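Close look at the chain arrangement
Listed below, chain by chain, are the residues.
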Amino acid sequence: MMKFASSITSLILILISVSAAWGEDQVKLSESELLSTIYYLKSSAQLVRLESQLVLLKRKYKALGFKGGTTVFLAKGEKSPVRIPAETQPQFVIRTKDTTDPAADIHLYRLTELNGSRVTPLNQFNGIGRVTSVALPSAIMDFNSTSYGTSSVKLVPTQPLVAGEYCFVIRLPNEWPDKNPGFCFGIDAAGD
Amino acid sequence: MNARRIAFAVALLFVSMGSAQEDSAVEPEYFSVFYYLESSGQLTELERQIPAEVFRSSKVVFVIQGEKSKVRFKGDAKLLFAVRVTEDLDKAKATMQLFRFEGRNGTRELEGKIKQKVFAAPSLALNTERYGRSSAKITPVKKLMPGEYCLTRNNIPQGFCFGVDALGN
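Reading the values: rules and limits
Residues numbered from 1 in each chain as written. Chains lettered and ligands numbered in written order. Predicted model: local features only at pLDDT ≥ 70, side-chain atom pairs only at ≥ 80, totals over all residues. Helix = DSSP H or I, 4+ residues; strand = E, 2+ residues; numbered from the N terminus. Contact = placed C-beta atoms within 7 Å. Pairing = 2+ DSSP bridges. Axes fitted to C-alpha atoms, helices over the stretch in contact; angles between N-to-C directions. Core = buried A, V, L, I, M, F, W, Y, C linked by C-beta atoms within 7 Å. Buried ≥ 20, exposed ≤ 12 C-beta atoms within 10 Å, placed from the backbone. pLDDT = per-residue confidence, 0-100.

Below, the discussion takes up the overall build of chain B. Along chain B, the regular secondary structure elements total two helices and 14 strands. In chain B, the proportion of contacts linking residues at least 24 apart, taken out of those at least 6 apart, comes to 67%.

Set out below in structure tokens:
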């Protein structure tokens, strides 16, 4: 009787272990060791580190500021040294802390070349510095984020990215300081 | 002694089964993307938008192109939504928002103000509870009147929009 009870207990414990292991992801994916650094995920699953630089929040004034101006994000250099071929759905990977929500804390912008830099307009302001319009929907590129591996997140733009310059910008909660960690890349047109 | 061991193991089995059932819910794949949760448990996409911000005197107006959402629900539909979150449910709860937009001249508009650098407008009340392992299930506290709506979180730029039609339409 004692042996029978012991067998049942063991069987149940084995069942519990099997059920717990069932949901675990058995596929090992390539993840970066660095936190908060964004990589391009090649179709071969190899990670390519994006160009890392501090993206500056700058105000560009018209008529010495009397006519207001434009607030822009500015990245140094006309083109990113990291080039990605045009493809329908480029994918990116970032290792994050558990509670980081990329949808809230990371934005992807398309930038244009201007006087040796890359810029994207964020808003217009008037002569007394009050914001009059925001350029967000045209400047910001929407993306989905999903779990990747054990500690990373995969970022996938919802629309194909056309040829041009792009930067992911990581922001502090509810705040854009003057310098923001940026991870930039360029998309080359097919055939370039 | 043996009876105790068996009881303990059986209790563990039930806990494990319960947990497995909770985890079996089909959860959204993407973080902070809202879906309509059908009674069958299937997830249906809502209309995804990033509204434009237009400043009119002291007010900010969020503007979405198109007077009506393509995603429509009947007035008597039971509206349940699901969204995957990264943080604790209690923290996530405070970020959930549902806004009613006014259809105007081919656009949908929502008036608000900027408070401490963040857009602020009155959100409709929501019930938020755990769904599966990492998601939240959201239901409007009150029945929604016919009109245009968007779900969002106070820290993301996207809105997930839908319309409610009057009964008989």
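Continuing now.
Attention shifts here to the overall build of chain A. The helix and strand tally for chain A stands at three helices and 14 strands. In chain A, the share of contacts with a sequence separation of at least 24, taken over all contacts with a separation of at least 6, comes to 65%.

All names here are of chain B. Taken in spatial order, the five strands make up an open sheet running 2-1-7-12-11, and their pairing is antiparallel. Edge positions in the open sheet fall to strand 2 (43-45) and strand 11 (126-131), since each of these has one partner strand only. Strand-to-strand twist across the sheet, computed as the mean angle between neighbouring axes with direction ignored, equals 35 degrees. Inspection of the sheet shows strand 11 paired to strand 12 (residues 135-140) by six bridges, in the antiparallel sense. Pairing of Arg130 across the sheet is with Ala136, part of strand 12.

All names here are of chain A. If you trace the five strands from one edge of the open sheet to the other, you get 2-1-6-12-11, paired in antiparallel fashion. The open sheet has two edge strands with one neighbour each: strand 2 (47-49) and strand 11 (143-148). Strand after strand, the sheet turns through a mean of 35 degrees between neighbouring axes, direction not considered. When strand 1 (residues 38-41) meets strand 6 (residues 91-95), the two strands line up antiparallel, connected through four bridges. Each bridged residue has a counterpart across the sheet, and for Ile38 the counterpart in strand 6 is Ile94.

What follows is about the pairing of strand 12 (residues 152-157) of chain A. Residue and element names in this part refer to chain A. Looking at chain direction, strand 6 and strand 12 are connected through four bridges and run antiparallel. Along strand 12, the bridge assignment pairs Phe92 with Leu155. One ladder, built from six bridges, connects strand 11 with strand 12; its direction is antiparallel. Among the inter-strand pairings, Tyr148 is bridged to a residue of strand 12, identified as Ser152. Remark: three residues form the turn of the hairpin made by strand 11 and strand 12, two consecutive strands paired antiparallel; Gly149 in that turn has positive phi of roughly 65 degrees.

Judged by nonpolar contacts, the single largest core of 31 residues is most densely connected at A:Tyr109, A:Tyr166 and A:Cys167. Beyond its immediate stretch of four places on either side in the chain, A:Tyr166 contacts A:Leu108, A:Tyr109, A:Arg110, A:Leu111, A:Leu161, A:Cys184, A:Phe185 and A:Ile187. Within the second largest apolar cluster, 27 residues are counted, among which are B:Ile64, B:Val83, B:Leu110 and B:Cys161.

Quick look at the confidence of the model for chain A now. Of the residues in chain A, 81% reach a pLDDT of 70 or more, and the chain-wide mean stands at 82. Scored below 50 in pLDDT, residues 16-26 of chain A makes six contacts in the model with residues more than four places away or belonging to other chains.

For the rest of this paragraph, the subject is the environment of A:Ser36. Residue and element names in this part refer to chain A. Position of Ser36 relative to the elements: it lies in the loop between helix 1 (2-22) and strand 1. C-alpha of Ser36 to C-alpha of Lys97: the two residues are 61 residues apart in sequence and 8.3 Å apart in space. Sequence-distant contacts of Ser36, defined by excluding residues within four places in its chain, comprise Ile94, Thr96, Ile170 and Pro181.

Taken over all residues, the pLDDT of chain B has a mean of 87, while the share at 70 or more is 83%. Confidence metrics for the complex model read pTM 0.80 and ipTM 0.79.

With that settled, consider unusual backbone geometry. Within the chain, A:Asn115 stands out as a residue other than glycine whose phi angle is a positive 45 degrees. A:Asn115 sits in the exposed class, given 6 other C-beta atoms within 10 Å. We note that B:Asn105 has phi near 45 degrees; this positive angle belongs to a residue other than glycine. By secondary structure assignment, the location of B:Asn105 is in the loop between strand 8 (96-104) and strand 9 (107-115). The class of B:Asn105 is exposed, set by 6 C-beta atoms lying within 10 Å.

Turning to the environment of B:Gln97, a few remarks are in order. Residue and element names in this part refer to chain B. Looking at where Gln97 falls in the secondary structure, it is placed in strand 8. For Gln97, a count of 19 C-beta atoms within 10 Å corresponds to the partly exposed category. Expressed as a C-alpha distance, the spacing of Gln97 and Pro140, which sit 43 residues apart in the sequence, is 9.9 Å. Apart from the residues within four sequence positions on either side, Gln97 is in contact with Ser123, Thr152, Arg153 and Asn154.

All names here are of chain B. Counting buried residues along strand 14 (residues 159-165), six of its seven residues qualify, which places the element largely inside the surrounding structure. Taken together, the three bridges between strand 3 (residues 47-49) and strand 14 define a ladder with antiparallel strand orientation. In the sheet register, Glu47 faces strand 14, and the bridge partner there is Cys161. Of the strand pairs in this sheet, strand 6 (residues 72-74) and strand 14 are connected by three bridges, and their pairing is parallel.

This brings us to the environment of B:Gly112. All names here are of chain B. Tracing the chain through its elements places Gly112 in strand 9. Exposure remark for Gly112: the 16 C-beta atoms within 10 Å place this residue in the partly exposed category. Separated by 50 residues in sequence, Gly112 and Phe62 have C-alpha atoms that sit 7.8 Å apart. What Gly112 contacts, discounting residues up to four positions off in sequence, is Val60, Phe62, Phe119, Ala120 and Ala121.

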